[in-house]
Amino acid sequence: MDSFSSSPYNASGSKLSQEDIIDQVKTQLAQAYAEEFLETVRGKCFDKCITKPSSSLGGSESSCISRCVERYIEATGIIGRALFNQH
Amino acid sequence: MDSSALNSTELQNFLNEEKQKAMVNEMIGKLTSVCWDKCITGTPGSKFSSSETSCLTHCAQRYMDMSLLIMKRLQQ
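Residues numbered from 1 in each chain as written. Chains lettered and ligands numbered in written order. Predicted model: local features only at pLDDT ≥ 70, side-chain atom pairs only at ≥ 80, totals over all residues. Heavy atoms only, no water.

**Q** What am I meant to see in the packing of helix 1 (residues 18-49) of chain A against helix 2 (residues 59-84) of chain A here?
**A** Helix packing geometry: the angle between the two helix axes and the distance between the axes. Residues and elements named next belong to chain A. Contact pair helix 1 / helix 2: the axes reach a minimum separation of 9 Å and the direction vectors enclose 130°. Between helix 1 and helix 2, the interaxial angle falls into the category oblique. Here the hand of the crossing between helix 1 and helix 2 comes out right-handed. Side by side, helix 1 and helix 2 meet where Phe37, Thr40, Val41, Lys44, Cys45, Lys48 and Cys49 of the first sit next to Glu61, Cys64, Ile65, Cys68, Val69, Tyr72, Ile73 and Thr76 of the second. For the contact of helix 1 with helix 2, the per-class residue count stands at 10 nonpolar, 2 polar and 3 charged. (Axes fitted to C-alpha atoms, helices over the stretch in contact; angles between N-to-C directions. Helix = DSSP H or I, 4+ residues; strand = E, 2+ residues; numbered from the N terminus. Parallel < 35°, antiparallel > 145°, perpendicular 65-115°, else oblique. Left-handed = near helix turned anticlockwise from the far one by under 90°. Contact = heavy atoms within 4.5 Å. Nonpolar A, V, L, I, M, F, W, Y, C, P; charged D, E, K, R; others polar.)

Have a look at this one:
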């Protein structure tokens, strides 16, 4: 997350309002979260589905990856709910 | 509005709130990664089995129990 500007000006030199700063921070945070999530999913699904890399991505590898991404998103939801619906 | 808006309480509150959200997100991310490795042992299917679902839930809950226990131990 090294793209935060330290100077409160936009590209054309006008001062940014607090609202602008808040919007920029929200956007950059959302992008950072998304990129981190993607990186994790790539790692997990490569491990599970590409066991013997060959000269192209096979049909079963592709469907495995699809299912893996769906399952990982589902797992994230299950963990989130488990943490916030305490026993 | 001038650049002193950067020091306002509203901005501070927003940043604190986002910091909390980031910590929560990180916890969920880490736990999902750890619990996925523990619980999803085979090739991913078109849905989770009930044992996989329970495992994931239990994993998160036991991790939090453990975390609490560790803190108690360290305070003794």
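**Q** Honestly, the state of the cysteines in this entry has me stumped. Any pointers?
**A** Every disulfide links exactly two cysteines, by a covalent bond between their sulfur atoms. This model, assessed by the stated rule, comprises 4 disulfides over all chains. The residue that forms a disulfide with A:Cys49 is A:Cys64, at a sulfur-sulfur distance of 2.0 Å. One quick way to see it: the torsion about the S-S bond of A:Cys49 and A:Cys64 is about -70°, and its sign makes the bridge left-handed. In this pair, A:Cys49 sits in helix 1 while A:Cys64 sits in helix 2, placing the two residues 15 residues apart along the sequence. The class for A:Cys64 is buried, based on a relative accessible area of 3%. With a sulfur-sulfur separation of 1.9 Å, B:Cys39 is cross-linked through a disulfide to B:Cys55. Taking the torsion about the S-S bond as the criterion, the B:Cys39 to B:Cys55 disulfide, at about -75°, is left-handed. Of the two residues, B:Cys39 is situated in helix 1 (residues 9-39) and B:Cys55 in helix 2 (residues 50-75); the sequence distance between them amounts to 16 residues. (Disulfide = S-S within 2.5 Å. Buried < 20%, exposed > 50% of the residue type's maximum accessible area, 1.4 Å probe, protein only.)

**Q** Help me out: how do you make sense of the pattern of salt bridges in this one?
**A** For side chains bearing opposite charge, pairing can occur when the charged atoms are close. Following the criterion strictly, the structure yields 7 salt bridges over all chains and no others. Note that A:Glu70 is salt-bridged to A:Arg71, the shortest N-O span being 3.7 Å. Given a relative accessible area of 45%, A:Glu70 falls into the partly exposed group. The buried category is assigned to A:Arg71, whose relative accessible area is 6%. For B:Asp65, the salt bridge is made with B:Arg62, and the minimal N-O distance between the two is 2.9 Å. With B:Asp65 and B:Arg62 both in helix 2, this residue pair falls 3 residues apart, about one helical turn. With relative accessibility at 34%, the residue B:Asp65 sits in the partly exposed group. (Salt bridge = Lys/Arg side-chain N within 4 Å of Asp/Glu carboxyl O.)

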